[in-house]
Amino acid sequence: MKSPAEYLTGPVFQLTYPTGEVAESVPVVTYDDALLALEAALADAEEYKYLLLRAIRRNAPETVGPEATTITAETAVVPMYAEAA
């Protein structure tokens, strides 16, 4: 996975402004470069999501037929959570 800085292909300027005793430096990118970086990050996120879901589907256990989920009168019903003591 890329770091956020790797998505910025344009130049990063250092905006300096005085505040109090020390001048601070803040990294600044142009609006267009920020939009391009955001679009690239979203495209990568979609690709990672697709790859992750594909891996989950490939490694998922085989589903059991519908007869295993049929509830009859003889089926024991067990609570999911233990009662609070």
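Going by the structure above, here's the rest.
I will try to describe carefully the structure that is included in this document.

Basis of the calculations
- Residues numbered from 1 in each chain as written.
- Predicted model: local features only at pLDDT ≥ 70, side-chain atom pairs only at ≥ 80, totals over all residues.
- Heavy atoms only, no water.
- Helix = DSSP H or I, 4+ residues; strand = E, 2+ residues; numbered from the N terminus.
- Buried < 20%, exposed > 50% of the residue type's maximum accessible area, 1.4 Å probe, protein only.
- Contact = heavy atoms within 4.5 Å.
- Areas by Shrake-Rupley, 256 points an atom, 1.4 Å probe, with all protein chains shown as cover.
- Patch = residues over 30% accessible without salt bridge, like charges linked within 9 Å, V, L, I, M, F, W, Y side chains within 5 Å.
- Salt bridge = Lys/Arg side-chain N within 4 Å of Asp/Glu carboxyl O.
- Expected span 1.5 Å × (residues − 1).

1. Section: the overall build of the chain
Tallying secondary structure elements over the chain gives one helix and two strands in all. Reading the secondary structure of the chain in the N-to-C direction produces β-β-α. Going through the 85 residues of the chain one by one, you find that 5% of them count as buried. Within the chain, contacts between residues separated by at least 24 positions form 27% of all contacts whose residues are at least 6 apart in sequence. With an accessible surface of roughly 8,000 Å², the chain has 63% of that area assigned to carbon and sulfur atoms.

2. Some points on a nonpolar patch on the surface
A cluster of nonpolar side chains, Met1, Tyr48, Tyr50 and Leu51, forms an exposed patch at the surface whose accessible area comes to about 470 Å². Within the secondary structure layout, Tyr50 lies in helix α1 (residues 31-59). A relative accessible area of 47% places Tyr50 in the partly exposed class.

3. Section: α1
The terminal C-alpha atoms of α1 lie 42 Å apart, and with 29 residues this matches the ideal 42 Å at 1.5 Å per residue to within 8%. Among the residues of α1, those classed as buried are Asp33, Ala37 and Asp44.

4. Some remarks on the environment of Asp44
Positionally, Asp44 belongs in helix α1. Separated by 42 residues in sequence, Asp44 and Lys2 place their C-alpha atoms 9.0 Å apart. Beyond its immediate chain neighbours, meaning those up to four positions away, Asp44 contacts Lys2 and Tyr7.

5. Side note on the environment of Val26
Inspection of the secondary structure puts Val26 in strand β2 (residues 22-28). Accessibility expressed as a relative area gives 28% for Val26, which makes it partly exposed. Put simply, Val26 and Phe13 are 13 residues apart on the chain and 8.2 Å apart in space, counted from C-alpha to C-alpha. The residues contacting Val26, other than those within four sequence positions of it, are Phe13, Gln14, Leu15 and Tyr17.

6. Considerations on the environment of Ala37
Within the element layout of this structure, Ala37 appears in helix α1. Take Ala37: its relative accessible area is 9%, and that puts it in the buried class. A sequence separation of 33 residues divides Ala37 from Pro4, and the C-alpha atoms of the two residues are 8.4 Å apart. Look past the residues within four positions of Ala37 in its chain and what remains in contact with it is Tyr7 and Leu8.

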